[in-house]
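Letter by letter, the chains look like this.
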Amino acid sequence: MNIVLLGAPGAGKGTQAAKLVEEFGTPHISTGDILRAAVKNQTELGKKAKSYMDAGELVPDSLIIDLMNERLQEPDAAKGFILDGFPRTTAQAVSLDALLSQLKRPLDGALLVDVPFDAIVDRLTSRRCCKDCGAIGTVADASCPKCGGEMYQRDDDNEATVRNRLSVYERSTSPLIDYYKGKGLLLTVDGNRPVDTVYADVKALLDL
Ligand code: AP5
């Protein structure tokens, strides 16, 4: 499976990707996770990305495109990939097409997890993530439901930054819905339902 997950911040892309990884073992490549690890480890990339991420703005295409060109050529991605958070601009999508065409690994689909914005602010301000294994949970989880680790709130999950992330999504990323529709690759799932109901439809849409 070679797929792109599309959808607003908090639509549930990471949650659905985690379920696909658990069941099918396909590599999950999340630009947000890669960037957060770079910030934590204070790498050159992390130092450049941090201020954009804290403000809810996109990290410049030049940094992301090089990063993903390298990541997609690592051996594990030859088995397939679930791209989460990339591409996020038309320039990123065009660059991804060029790379995949060069590697002769076409996309099977671009899956849009569709959730109305008014449901998203609540979801993101109450999201908590595990410091140890990265599992996604909510404020109701006193400890990680997967490994028992400590939960924390992402720096960009405060209400003001969430609202800016939604504006950035609308302006820069939502045009990709038409981009992939035009290529006949768009699949849409209603993400405003319980996680397992969404997942059942995700599998049906992907013929899994
Ligand atoms: P990134 O980490 O990609 O954040 P995002 O797109 O804003 O997406 P999220 O991780 O916030 O949401 P999600 O859809 O995965 O939702 P989740 O499953 O966690 O990017 C962060 C930043 O990095 C960006 O702002 C930017 O600065 C930078 N960046 C990253 N990629 C970039 C790129 N390509 N170019 C430039 N910059 C880039 O779910 C959210 C919550 O909802 C959780 O609490 C979950 O438990 C809950 N939930 C999930 N599904 C359901 C459901 N069905 N019902 C109820 N609750 C649910």
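Residues numbered from 1 in each chain as written. Predicted model: local features only at pLDDT ≥ 70, side-chain atom pairs only at ≥ 80, totals over all residues. Heavy atoms only, no water.

Before going further, it helps to spend a moment on unusual backbone geometry. Here the residue pair Phe 86 and Pro 87 is connected by a cis peptide bond, since its omega of 0° sits within 30 degrees of zero. With respect to the helices, strands and loops of the structure, Pro 87 is situated in the loop between β3 (81–84) and α5 (90–103). The phi torsion at Gln 42 lies on the positive side, around 50°, for a residue other than glycine. Given the relative accessible area of 59%, Gln 42 is considered exposed. The phi torsion at Asp 207 lies on the positive side, around 60°, for a residue other than glycine. (Helix = DSSP H or I, 4+ residues; strand = E, 2+ residues; numbered from the N terminus. Buried < 20%, exposed > 50% of the residue type's maximum accessible area, 1.4 Å probe, protein only.)

Glancing now at the sheet that holds strand β7 (residues 151–152). Judged by pairing direction, the sheet is antiparallel, and its three strands sit side by side in the order β6-β5-β7 without closing on themselves. Edge positions in the sheet fall to β6 (136–138) and β7, since each has one partner strand and no second. Of the strand pairs in this sheet, strand β5 (residues 127–130) and β6 are connected by three bridges, and their pairing is antiparallel. Bridging across to β6, Arg 127 finds its partner in Thr 138. (Pairing = 2+ DSSP bridges.)

With that settled, consider the nonpolar core. One finds Val 4, Leu 83, Leu 96 and Tyr 180 to be the most contacted residues of the largest nonpolar core, which totals 49 residues. With near-sequence residues (within four places) excluded, Val 4 lies in contact with Leu 83, Phe 86, Pro 87, Leu 96, Leu 107, Gly 109, Ala 110, Leu 111 and Tyr 180. (Core = buried A, V, L, I, M, F, W, Y, C linked by side-chain atoms within 4.5 Å. Contact = heavy atoms within 4.5 Å.)

Look at helix α1 (residues 13–24): 16 Å from first C-alpha to last across twelve residues, which is about the 16 Å you get at 1.5 Å a residue. Among all positions of α1, only Lys 13, Gly 14, Gln 16, Ala 17 and Leu 20 are buried. Down the axis, α1 shows its buried residues gathered within 160° of arc, on one side only. Buried residues along α1 sit in contact with β1 (2–6), β2 (28–30), β3, β6 and α9 (195–205). With its phi angle positive at about 70°, Gly 25 sits one or two positions after the end of α1. (Expected span 1.5 Å × (residues − 1). Arc of directions from axis to C-beta.)

Bringing the environment of Glu 57 into the picture now. Looking at the element boundaries, Glu 57 is found in the loop between α3 (44–55) and α4 (61–71). A polar side-chain atom of Glu 57 sits 2.9 Å from a polar atom in the side chain of Asn 164. (Polar contact = N/O pair within 3.5 Å; in protein donor to acceptor, adjacent residues only side chain to side chain.)

Attention shifts here to the site of the ligand. Thr 15, Glu 57, Arg 88, Arg 127 and Arg 165 are the nearest of the 34 residues found near the ligand. A distance of 2.6 Å is found between an oxygen atom of the ligand and a backbone nitrogen or oxygen belonging to Glu 57. Within the side chain of Arg 154, an N or O atom sits 3.1 Å from an oxygen atom of the ligand. Taken by itself the ligand offers 1,100 Å² of open surface, and the protein chains cover 91% of this. Elements supplying a minimum of two residues to the shell around the ligand: α1, α2 (31–40), α6 (117–125) and β6. The class makeup of the residues in the shell around the ligand is 13 nonpolar, eleven polar and ten charged. (Near = heavy atom within 4 Å. Areas by Shrake-Rupley, 256 points an atom, 1.4 Å probe, with all protein chains shown as cover. Nonpolar A, V, L, I, M, F, W, Y, C, P; charged D, E, K, R; others polar.)

Okay, the pattern of salt bridges next. The full count for this structure, using the stated rule, is 17 salt bridges. With a shortest N-O distance of 3.6 Å, Glu 44 and Lys 47 are connected by a salt bridge. Taken together, the residues span about one helical turn, with Glu 44 and Lys 47 both in helix α3 at a distance of three residues. Overall, Glu 44 belongs to the exposed group, its relative accessible area being 53%. (Salt bridge = Lys/Arg side-chain N within 4 Å of Asp/Glu carboxyl O.)

Below, the discussion takes up the packing of α4 against α5. It is at 10 Å that the axes of α4 and α5 come closest, and there the two elements cross at 25°. Judged on the interaxial angle alone, α5 and α4 are roughly parallel. In the packing of α4 onto α5, the handedness of the crossing is right-handed. In this structure, α4 contributes Asp 61, Ile 64, Ile 65, Met 68 and Asn 69 to the contact, and α5 contributes Ala 91, Gln 92, Ser 95 and Leu 99. The class makeup of the residues in the contact of α4 with α5 is five nonpolar, three polar and one charged. (Axes fitted to C-alpha atoms, helices over the stretch in contact; angles between N-to-C directions. Parallel < 35°, antiparallel > 145°, perpendicular 65-115°, else oblique. Left-handed = near helix turned anticlockwise from the far one by under 90°.)

A word on empty space enclosed by the protein. On inspection of all chains with the given rule, the structure shows one cavity of 30 Å³ or more. Of the volumes computed, that of the largest cavity is approximately 90 Å³. In this structure, the largest cavity is lined by Leu 5, Leu 6, Gly 7, Ala 8, Pro 9, Lys 13, Gly 85, Phe 86, Pro 87, Arg 88, Tyr 169 and Thr 173. Elements with a minimum of two residues in the lining of the largest cavity: β1 and α7 (159–173). Classifying every residue of the lining of the largest cavity by side-chain character gives seven nonpolar, three polar and two charged. (1 Å grid on protein atoms, 1.4 Å probe; cavity = no way out; pocket = protein on both sides within 12 Å on 5 of 7 lines; lining within 4 Å. Points joined across faces, edges and corners; volume = space filled by probe spheres on them.)

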